[in-house]
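# Residue-level structure breakdown
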Amino acid sequence: MSRVFCVANQKGGVGKTTTTVNLAAGLARLGRRVLLVDLDPQGNATMGSGVDKRSLDPSVYDVLLESVSVAEARRPSPTGGYDVLGANRELAGAEIELVGLERRNMRLQGALAAVDSQYDMILIDCPPSLSLLTLNGLACAHGVVVPMQCEYFALEGLSDLVNTIKQVHANINPALEVIGILRVMFDARITLQAQVSEQLKAHFGDRVFDTVIPRNVRLAEAPSYGMPGVVFDASSKGALAFLEFAREMAARVDGRYAAA
Ligand code: ADP
Ligand code: MG
């Protein structure tokens with residue numbers, strides 16, 4: 001049985017896609033069978049996995065509209081060692097088309113159930129909003145990974161996400177929880193970042209992952225080569241941090257759901 005995790009934060013540019021792609025590749029390296037689901041019409045996780053979004057047909061859009069199965073729409077990442085249910089601009093239309101349809105929040109859950117036994121982990125890269133697409137992700141997830149930059153307003157932005165997660169938990173998915181907060185793009189030389197990092201620890205305790213992802217230019221360069229950072233330059237500081245994070249995530253998930 002697969003465990004499903006959303007990488008979510010309603011702010012853009014906070015490292016969701018970088019986290020999803022590198023966690024997928026890191027877990028694949030550990031021997032886990034991974035499916036990455038791109039729920040962002042920008043298709044950055046798709047491209048960053050080496051799958052061309054421009055020639056992608058069918059995509060996750062067709063899966064949400066129930067015209068094809070996940071098995072028909074997924075592609076192997078040629079660089080990452082995992083499968084990709086990719087997205088492109090077409091997905092932006094799904095938001096509107098789904099509104100009038102029944103089970104509009106539950107489309108992804110239904111589709112993923114069919115491949116449940118084929119993966120150990122399913123990672124969902126969410127768009128920068130708390131939209132119907134994000135709801136489809138949260139509705140089928142066991143947990144949410146929240147990447148955060150340690151900036152002044154970071155904690156404030158978190159409360160909207162936490163409230164949405166609480167509502168989804170209460171109304172459609174009682175299994176949902178925040179599996180952890182990941183500090184990303186971290187620069188320990190910046191005093192404010194160190195302070196916010198301490199605040200996060202004080203406030204959320206062991207919900208904060210031990211691993212910290214540093215700011216590292218190799219992680220930012222990798223997507224233009226269609227590769228996860230952990231593959232593009234495996235010895236870079238950013239790649240090593242993401243490999244460490246994959247180990248921490250795997251251990252946390254194994255510990256939490258061992259008996260289930
Ligand atoms: P989101 O998906 O939340 O919009 P991205 O993962 O696309 O965020 O990251 C935003 C930008 O920051 C991208 O250009 C990405 O390459 C860059 N970036 C992300 N994480 C790091 C990091 N640890 N070090 C350097 N650049 C990073
Ligand atoms: Mg993104």
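Below, the structure is looked at part by part.

Thresholds applied
All residue numbers refer to positions counted from 1 along the written sequence of the respective chain. Written order determines the labels here, with chains lettered from A and ligands numbered from 1. Only residues with pLDDT of at least 70 are given local features in this predicted model, and only at 80 or more are side-chain atom pairs given and counted; all residues enter the totals for whole chains, interfaces and linings. Water and hydrogen atoms play no part in the side-chain values, which are based on all heavy atoms of the structure. Segments assigned H or I by DSSP are reported as helices when at least four residues long, segments assigned E as strands when at least two residues long, and all are numbered from the N terminus. We take the radius of gyration over the C-alpha atoms and set the globule estimate at 2.2 Å times the residue count to the 0.38 power. Burial classification: accessible surface area is computed with a 1.4 Å probe over protein chains only, and a residue below 20% of its type maximum counts as buried, one above 50% as exposed, and the rest as partly exposed. By definition in these notes, contact holds between two residues if any of their heavy atoms fall within 4.5 Å. Using a 1.4 Å probe, accessible areas were evaluated by the Shrake-Rupley method; residue-level cover was limited to the displayed protein chains. Charge convention: Lys and Arg are scored as positive, Asp and Glu as negative, and His as well as the terminal groups of each chain are ignored. For this purpose, a charge sits on NZ of Lys, CZ of Arg, CG of Asp or CD of Glu. Among buried residues, those of type Ala, Val, Leu, Ile, Met, Phe, Trp, Tyr and Cys that are joined through side-chain atoms within 4.5 Å constitute a nonpolar core.

### Quick word on the overall build of the protein chain
- Counting its regular elements, the protein chain contains twelve helices and eight strands.
- Here the C-alpha atoms of the protein chain give a radius of gyration of 17 Å, agreeing with the 18 Å that 2.2 N^0.38 yields for 260 residues.
- In terms of overall dimensions, the protein chain has a C-alpha envelope of 50 × 40 × 35 Å along the principal axes.
- Among the 260 residues that make up the protein chain, the fraction classed as buried is 53%.
- If you take every contact in the protein chain between residues at least 6 apart in sequence, the share linking residues at least 24 apart comes to 79%.
- Total accessible area on the protein chain stands at roughly 11,200 Å², and carbon and sulfur atoms take up 52% of it.
- The averaged location of the 28 negative side-chain charges in the protein chain is 4 Å from the averaged location of its 25 positive side-chain charges.

### Things to note about the nonpolar core
- One finds Leu-35, Val-37, Leu-112 and Ile-124 to be the most contacted residues of the largest nonpolar core, which totals 46 residues.
- A per-element tally of this core places helix H8 (residues 154-171) first, with five residues.
- Excluding residues within four positions of it along the chain, Leu-112 makes contact with Leu-35, Val-37, Val-70, Ile-122 and Cys-140.
- In this structure, Ala-24, Val-51, Leu-56 and Leu-182 belong to the second largest nonpolar core, which totals 34 residues.

So, to be careful, I would describe these as geometric facts and stop short of saying anything about function.
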